[in-house]
Amino acid sequence: MSKKPSKSLAQELDRYITPFRHDGSGKFHLKNYKTNEKSDLDKETAQQILDANKKRLVEFQEKLYAQDRWSVLIVFQAMDAGGKDSAIKAIFEGINPQGCEVSAFKAPSSIELDHDFLWRHVIALPARGHIGIFNRSHYEECLVTRVHPELLAKEKLPPRLVTKNIWKERFEDISAFERYLCRNGTVVLKFFLNLSKEEQRQRFLDRLEQPAKQWKFSMDDIKERALWPRYQAVYQDIVRHTATPHAPWYVVPADHKWFARVVIGSVIIAELEKLDLRFPRADKASLAEFDDVRKALEKEGKGDKKRTKPKTRKQPHAQ
């Protein structure tokens, strides 16, 4: 009997990926995506999947770094307390820090405001062989500046360029930017951690009640929470206009952090598997050189052993 072909990782993990993927085909309504989804998993099984994915990620990253051809850009967007920081910590634990950089984008500096809105994100892009993580990203320029128009004025754009079409134009610019990255060997993975307002309330209370977490809380968080409907509408617009087959959005249920980590980790592993990453192989000339070097090193080792071999002293005869 012939053996059934083994499933690829992408096939194995598909049920934690496809339901949350939007690539721009068909209509998108954020309300259709549950924030408390957990599939058929319990917390213990989810941890097993997370552990397996972390082990796979370590192996893939080593090959990605050695091959030095592809790069991976991972974008995280969420409402406050959405779980971005803890997801990054949990999923990327144990990988080689030499091949992974995290960029957290806060309010732009005066230098950054003197450039176009993509500038500070372009200079933070991952090099070939590297994974780059954007904790908040270029999408803030279609999100926060849209919810707070006064921030747009600080970008010092010529007034005639600030029209009613500016957000549509920025969506077009971002999509073109991401298409350019994909055409040049950067895999773009975008995650929106979809949190419910009630779960955010619980997480804020948790921060306020635990001294070790109080540093995470800011009164600005409450001000932004009051604008919840506006943020949700803008996020929906962002996904609708910037989800593409080459850079889809993954709308991740974020009420259960452990399930969100399963989804995020599974997407990353499935996409890395598609790259067919391998360690570079030496050519014949190099192999011949390696053989000569190996022989020389082995010979050198034998010589050292002879030089360091202790002399045995004759024992005196008993009198």
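Notes on the side chain of Gln232
By secondary structure assignment, the location of Gln232 is in helix H11 (residues 228-242). Those residues within four positions of Gln232 in sequence are excluded, and the remaining contacts are Leu30, Met79 and Asn194.

Here's the deal with the pairing of strand S4 (residues 131-135)
Along S4, five of the five residues are buried, which leaves the element largely enclosed by surrounding structure. Alternating residues of S4 divide into Ile131, Ile133 and Asn135 and Gly132 and Phe134, and every residue in both groups is buried. Relative to S4, strand S2 (residues 71-78) is paired through five bridges, and the arrangement is parallel. The residue bridging Phe76 from the neighbouring strand is Asn135, located in S4. Bridge count between strand S3 (residues 100-104) and S4: five bridges; the pairing is parallel. Bridging from a neighbouring strand, Cys100 pairs with Ile131 of S4.

With respect to the nonpolar core
One broad trend across soluble globular proteins is that nonpolar side chains are buried collectively. Leu57, Ile74, Phe92, Ile131, Phe191, Ile264 and Ile268 are the most contacted members of the largest nonpolar core, which has 45 residues in total. Looking at this core, the elements with two or more residues in it are helix H1 (9-13), helix H2 (43-67), S2, helix H3 (84-91), S4, strand S5 (186-194), strand S6 (249-253) and helix H12 (257-274). In contact with Ile74, not counting residues within four places along its chain, are Phe92, Ile131, Gly132, Ile133, Phe134, Leu189, Phe191 and Ile268. In this structure, Phe105, Phe171, Tyr231 and Ala243 belong to the second largest nonpolar core, which totals 31 residues.

Observations concerning a nonpolar patch on the surface
Together, Leu157, Leu161 and Val162 make up a nonpolar patch on the protein surface, roughly 220 Å² of accessible area in all. Residue position: Val162 is located in the loop between helix H7 (149-153) and helix H8 (166-183). On the basis of relative accessible area, Val162 is assigned to the partly exposed category, the value being 38%.

Considerations on the environment of Gln214
Summarising the element assignment, Gln214 is placed in the loop between helix H9 (197-209) and helix H10 (219-225). Along the chain, Gln214 and Phe204 lie ten residues apart, while their C-alpha atoms are 9.2 Å from each other. Every residue in contact with Gln214, bar those within four places of it in the chain, is listed here: Arg207 and Leu208.

Points about the packing of aromatic side chains
One pass over the full model with this rule turns up ten aromatic pairs. Clustering of aromatic rings is evident, with ring pairs tying together Tyr16, Phe20, Trp258 and Phe259. Lying across the ring of Phe117, Arg170 places its NZ or CZ 4.4 Å from the centre.

With respect to the sheet that holds S5
Read across the sheet, six strands follow the order S1-S6-S5-S2-S4-S3 without closing on themselves; strand pairing throughout is mixed. Of all strands in the sheet, those bounded by a partner on one side alone are strand S1 (21-22) and S3. Relative to S5, S2 runs parallel, the two sharing eight bridges. Looking across to S5, one finds that Phe76 is bridged to Phe191. This element, H8, spans S2 and S5 of the sheet and lies at about 135° to S5.

Points about the packing of H2 against H12
Relative to each other, H2 and H12 sit at 30°, their axes nearing to 9 Å. One element, H2, and the other, H12, form an angle in the roughly parallel class. When you trace H2 past H12, the crossing you get is left-handed. Each of Lys43, Ala46, Ile49, Leu50, Asn53, Arg56, Leu57 and Phe60 in H2 lies in contact with H12, whose residues at this interface are Trp258, Arg261, Val262, Gly265, Ser266, Ile268, Ile269, Leu272 and Glu273. Its residues assigned to classes, the contact of H2 with H12 comprises ten nonpolar, three polar and four charged.

Focus on unusual backbone geometry
Backbone geometry places Ser39, a non-glycine residue, at a positive phi of 55°. By the element assignment, Ser39 lies in the loop between S1 and H2. Unlike most non-glycine residues, Lys156 shows phi in positive territory, near 60°. Relative to the helices and strands, Lys156 is located in the loop between H7 and H8.

Structural notes on H11
Given a rise of 1.5 Å per residue, 15 residues ought to cover 21 Å, and the 21 Å separating the end C-alpha atoms of H11 matches this to within 8%. Restricting attention to buried positions, one finds in H11 the residues Trp228, Tyr231, Gln232, Val234, Tyr235, Gln236, Asp237, Ile238, Val239 and Thr242.

A short note on the pattern of salt bridges
Counted by the stated rule, this structure contains 22 salt bridges. For Arg136, the salt bridge goes to Asp80, with nearest N and O atoms at 3.1 Å. Here Asp80 lies in the loop between S2 and H3 and Arg136 lies in the loop between S4 and helix H6 (144-147), a separation of 56 residues in the sequence. Asp80 carries the same exposure label as Arg136, and that label is buried. The structure contains a network of salt bridges with shared partners spanning Glu112, Arg120, Glu141, Glu155 and Arg170.

Calculation criteria
- Here, residues in each chain are numbered from 1, in the same order as that chain's written sequence.
- At least 70 in pLDDT is required for a residue's local features to be given in this predicted model, at least 80 for side-chain atom pairs to be given and counted, and no such filter applies to totals for whole chains, interfaces and linings, which use all residues.
- For side-chain calculations, the full set of non-hydrogen atoms in the structure is used, while hydrogens and water are omitted.
- Each helix corresponds to a stretch of at least 4 residues labelled H or I by DSSP, and each strand to a stretch of at least 2 residues labelled E; elements are numbered beginning at the N terminus.
- Pairs of residues are marked as contacts when any of their non-hydrogen atoms sit within 4.5 Å.
- Accessibility here uses a 1.4 Å probe with only protein chains present; expressed as a share of the type maximum, an area under 20% marks a residue as buried, one over 50% as exposed, and anything in between as partly exposed.
- One bridge is not enough; two strands pair if DSSP finds at least two bridges between them.
- Side-chain atoms within 4.5 Å link the members of a nonpolar core, which is a set of buried Ala, Val, Leu, Ile, Met, Phe, Trp, Tyr and Cys residues.
- Residues forming no salt bridge and having over 30% relative accessible area are the ones grouped into patches, like charges within 9 Å of each other and nonpolar side chains (Val, Leu, Ile, Met, Phe, Trp, Tyr) within 5 Å.
- In these tables, accessible area is a Shrake-Rupley quantity obtained with a 1.4 Å probe, and a residue counts as shielded only by the protein chains included in the view.
- The salt bridge definition used is simple: a Lys or Arg side-chain nitrogen within 4 Å of an Asp or Glu carboxyl oxygen.
- Only Phe, Tyr and Trp rings are paired, with Trp represented by its six-membered ring, and only when their centres lie within 6.5 Å; those with planes under 30 degrees apart are stacked, over 60 edge-to-face, the remainder tilted.
- By the criterion adopted, a ring carries a charge over it if an Arg CZ or a Lys NZ lies within 6 Å of its centre and within 35 degrees of its normal.
- Helix axes are fitted to C-alpha atoms over the stretch in contact, other axes to C-alpha atoms as well, and angles between N-to-C directions run from 0 to 180 degrees.
- Just so you know how the angles are binned, under 35 degrees is roughly parallel, over 145 roughly antiparallel, 65 to 115 roughly perpendicular, and the rest oblique.
- Working rule for handedness: look at the near helix, and if it is turned counterclockwise from the far one by less than a right angle, call the crossing left-handed; if clockwise, right-handed.
- When residue character is reported, Ala, Val, Leu, Ile, Met, Phe, Trp, Tyr, Cys and Pro are called nonpolar, Asp, Glu, Lys and Arg charged, and the others, Gly included, polar.
- A helix is expected to span 1.5 Å for every residue after the first.

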